[in-house]
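# Close look at the chain arrangement
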Amino acid sequence: MSHKIMVRSLFAGLVWGLILLPSPGRAQTIQLSFSDTTAKKGDTLLIPLRTTSLTTQDSIYSGQFTVSFNAGVIDVFGVETAGSVLQAVGNVLFNSTSKRLGFASTSIVTGSGVLLYLKTRVLINPSTETTTISIPPPDTAFNEGKPKFLVTGGSLRVLKIVVSPKNPSQSLVVGDSLQFSVTGDQQLPLTWSSSDTSVGMISATGMMRAVAPGQLKIYVRDAQGLQDSTDVFPIYPSQARSLTVSVPNSSHTQTLSFNLPVNISDVTGLGIISGQFALNYNGNSLQALELVSANSMTSNWTAVPNITNGRIEVALSGTEPLAGSGVLVFIRFRVASSASGTTISFSNVIFNENLNANTVSGQFTALTAPAVVIIPNIAVITKGDTLRFRVTSGGTPPFTWSSNNLSVASINPSTGLLAALSSGTTTVSVVDSFGFSSTTGSITVNELTVRIPDTSLVVGDTIDVPLYVGDLSGLNVLSYETRIVYDSTILRFIAPVVAGTKSNGLTLFYRDTLDTLRIAASSTSFLTGAGPLVKLKFMPATSATGVLSTLRFARFQFNEGSPTATLVHGSITINAGDTATAGLTANVPEPGDPSQRPRWVPTGIVVEVGDTLVVMATGLVNDGGGNSAGPNGTGIGGDPNPSFPDWYNSVSHISLIGRLRLANGLF
């Protein structure tokens with residue numbers, strides 16, 4: 001067995017043997033404590049663990065402790081017993097990994113003061129300035145746990161000095177001076193130095209003077225060796241003091257876009273290879289769209305925008321330093337349609353990560369945009385129709401037209417003539433020569449047209465009003481239903497007429513109530529062709545003339561809504577009819593010759609639909625039996641062959657429903 005192993009075994013046995021020895025009681029608890037202390041970075045020192053009096057009554061033969069501290073500030077790497085209570089105890093061990101220490105003695109340990117010292121090293125770059133040193137309760141005891149003790153922790157604070165300002169002004173130029181000072185644990189005298197005396201020189205009192213463009217650090221050291229330094233900071237040429245970025249005052253018209261220049265003063269010699277800034281404005285007036293670097297000083301740089309409502313942040317970088325003055329970059333804005341004006345101001349302006357600049361804000365004023373008015377604004381048309389759009393006011397020609405749904409309708413971009421292609425909806429937009437635009441409301445295209453014509457009706461007559469429909473072929477129409485509103489004080493509905501219409505053979509229902517005519521019809525086969533869908537028979541409900549009732553579709557639907565239809569309303573006007581008077585000449589037959597009928601000869605007149613012809617005659621032939629010959633040879637008394645030659649005056653009225661010319665004495 002080696003000597004080292006034998007020693008360790010004997011020590012372990014001794015410790016356990018001493019631990020098992022009985023110990024008498026103690027009247028008071030032992031107090032262990034660490035004192036507060038200070039040290040410099042990199043220092044090595046002994047930190048005492050102090051104890052109150054240990055007596056023979058305590059019967060302390062051994063002890064074991066774990067030391068607690070911040071390993072980011074100090075490192076405890078051993079123990080020292082010289083000049084301590086444990087000096088006479090030869091067996092004091094310390095584990096530098098677990099930070100546990102233990103001792104064992106063959107005789108009772110007595111005394112007071114420093115129990116032992118901890119060998120401690122302060123780190124060169126501590127993570128913080130202070131650490132607590134203590135002995136936590138677990139696995140810590142004298143003997144087997146008796147006598148008990150209490151531990152008061154201590155602290156170690158790392159001494160330091162701090163130079164101020166730590167990060168000097170980033171806008172120092174040649175000729176500037178700056179006073180530095182020190183706070184902390186300094187001991188005079190202080191020693192100041194510059195990393196580059198060709199750029200900046202510093203006096204014994206800490207006054208730095210900038211002598212040339214460049215970069216430098218300032219160092220300080222006190223009498224006890226504590227030291228600190230500033231961050232690296234630049235010295236710029238004297239023109240950097242007047243470095244300015246600005247935006248001009250501007251005014252632009254609502255809805256238009258424009259490029260706003262961001263200007264910069266002379267940067268020659270400043271070595272600027274990067275920069276950043278933010279522009280702030282009212283987002284209800286302006287919207288930033290993009291950066292435009294073309295024709296600017298940064299046209300060969302990388303430019304990155306970050307756009308949010310009311311703010312654009314810009315980062316710029318390049319490989320060649322900027323020189324001269326001019327437009328740093330352009331910002332493209334769009335003016336809101338309701339914009340009034342806003343201030344455009346800078347924030348977060350810095351170049352080369354450390355060079356500040358003066359800023360000049362700009363005032364933006366919005367000019368009122370012209371209102372481009374399109375007619376028609378809304379429309380309902382049928383597939384195959386054309387409709388011309390035009391600008392009635394606002395805007396400057398030439399205009400460019402477009403349809404927003406080309407599958408529904410196309411439009412000639414120059415003339416504004418729209419062609420309806422298929423059922424659906426679209427809108428029409430126009431842009432003038434300055435970019436002002438306008439858009440219509442909904443333009444609806446239907447598959448076909450259902451139309452009621454305008455017509456007239458004579459008091460006392462009836463009329464069949466057709467509902468004309470476009471070509472139904474291929475549209476799979478099996479049914480229709482409609483509601484038509486009219487004025488029942490002017491018209492009286494009699495019945496639908498299906499003869500000669502698409503409704504002939506359909507199952508048709510109708511109801512006429514409250515000035516509304518409801519019709520529903522259905523078929524078992526598809527309807528085809530164009531023409532009258534159904535006819536509506538009306539008669540006047542009043543003797544008044546010159547009055548009109550509209551026939552207005554309140555509803556119309558094929559099938560369950562397809563195909564769609566463009567509805568054209570109609571009207572009926574009540575007329576008295578025109579009256580014409582003509583003289584008639586009769587060819588009187590020979591007396592006693594009943595085979596000859598008198599011929600009524602008008603002098604010549606044209607009669608229109610709805611007119612009433614008043615026929616006046618003298619010398620009708622009366623057969624003596626009360627029968628007289630009238631126009632067309634019809635006996636007024638009913639005898640078709642009047643023969644009695646008796647003359648008297650008579651008047652006949654003929655109401656016409658078609659165009660009629662009276663000529664040559666014949667109807």
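Here is a short report on the structure shown in this document. A quick note: this is a predicted structure, and the numbers were derived from the prediction, not measured. (Residues numbered from 1 in each chain as written. Predicted model: local features only at pLDDT ≥ 70, side-chain atom pairs only at ≥ 80, totals over all residues. Heavy atoms only, no water.)

### What to know about the overall build of the protein
- If you tally the helices and strands in the protein, you get one helix and 61 strands.
- Going through the 667 residues of the protein one by one, you find that 41% of them count as buried.
- Looking at the protein alone, contacts between residues at least 24 apart form 70% of all its contacts between residues at least 6 apart.
- Accessible area of the protein: about 32,900 Å², with a carbon and sulfur share of 51%. (Helix = DSSP H or I, 4+ residues; strand = E, 2+ residues; numbered from the N terminus. Buried < 20%, exposed > 50% of the residue type's maximum accessible area, 1.4 Å probe, protein only. Contact = heavy atoms within 4.5 Å. Areas by Shrake-Rupley, 256 points an atom, 1.4 Å probe, with all protein chains shown as cover.)

### Looking at the pattern of salt bridges
- According to the stated counting rule, one finds 11 salt bridges in the structure shown.
- A salt bridge links Arg241 to Asp176, with the nearest nitrogen and oxygen atoms 2.2 Å apart. One end of the pair, Arg241, is in the loop between strand 22 (233-235) and strand 23 (244-246); the other, Asp176, is in the loop between strand 13 (161-164) and strand 14 (177-179), and 65 residues separate them in sequence.
- On the accessibility criterion, Arg241 (45% relative accessible area) is partly exposed.
- Between Lys537 and Asp464 there is a salt bridge, with the nearest N and O atoms lying 2.7 Å from each other. (Salt bridge = Lys/Arg side-chain N within 4 Å of Asp/Glu carboxyl O.)

### Thoughts on the side chain of Asp185
- The residue Asp185 is located in the loop between strand 15 (181-184) and strand 16 (191-194) in this model.
- In this structure the side chain of Asp185 is engaged in a polar contact, spanning 2.9 Å, whose partner is the side chain of Arg157.
- Sequence-distant contacts of Asp185, that is, excluding residues within four places in its chain, are made with Arg157, Val158, Leu159, Lys160, Ile161, Asp222, Gln224 and Leu226. (Polar contact = N/O pair within 3.5 Å; in protein donor to acceptor, adjacent residues only side chain to side chain.)

### Concerning unusual backbone geometry
- Cis rather than trans, the peptide bond between Lys146 and Pro147 has omega equal to -5 degrees.
- Among the structural elements, Pro147 can be located in the loop between strand 10 (141-142) and strand 11 (149-152).
- In this model, Ser59 sits at a positive phi of 50 degrees, which is unusual for a non-glycine residue.
- Residue placement: Ser59 occurs in the loop between strand 3 (44-54) and strand 4 (62-66).
- Phi is positive for Glu353, which is not a glycine, with a value near 70 degrees.
- Take Glu353: it is sitting in the loop between strand 31 (341-351) and strand 32 (358-360).
- You can call Glu353 exposed: its relative accessible area is 72%.

### Overview of the environment of Ile218
- Among the secondary structure elements, Ile218 is positioned in strand 20 (residues 218-221).
- You can call Ile218 buried: its relative accessible area is 0%.
- In the structure, Ile218 is positioned 21 residues away from Thr197 in sequence and 9.9 Å away in space, judged by C-alpha atoms.
- Once residues lying within four places of it in the same chain are set aside, the contact partners of Ile218 are Phe180, Trp192, Ser193, Ser194, Ile202, Met208, Asp228, Ser229, Thr230 and Phe233.

### With respect to the sheet that holds strand 41 (residues 424-426)
- Ordered in space as 35-44-41, the three strands form an open sheet in which the pairing is mixed. With one partner strand each, in any of the chains shown, strand 35 (379-382) and strand 41 form the two edges of the open sheet. Direction aside, the axes of adjacent strands within the sheet are offset by 25 degrees on average.
- Where strand 41 and strand 44 (residues 443-446) come together, three bridges link them in antiparallel fashion. The residue of strand 44 that forms the bridge with Gly424 is Val445. (Pairing = 2+ DSSP bridges. Axes fitted to C-alpha atoms, helices over the stretch in contact; angles between N-to-C directions.)

### Re the sheet that holds strand 42 (residues 428-431)
- If you walk across this open sheet you meet the three strands as 38-42-43, and the pairing is antiparallel. Looking at strand neighbours, the two that pair on one side only are strand 38 (400-403) and strand 43 (437-439), the edges of this open sheet. The average undirected angle you get between the axes of adjacent strands in this sheet is 15 degrees.

### Brief notes about the pairing of strand 40 (residues 417-420)
- Side chains Leu418 and Ala420 project from strand 40 onto a buried face, and the interleaved Leu417 and Ala419 project onto a face without burial.
- Summarising the sheet, strand 36 (residues 386-388) and strand 40 pair through three bridges and their orientation is antiparallel. Opposite Arg388, over in strand 40, you have Leu417 as the bridge partner.
- Of the strand pairs in this sheet, strand 39 (residues 409-411) and strand 40 are connected by three bridges, and their pairing is antiparallel. Of the residues in strand 40, the one forming a bridge with Ala409 is Ala420.
- The antiparallel hairpin formed by strand 39 and strand 40 contains five residues in its connecting segment, where Gly416 sits at a positive phi of about 75 degrees.

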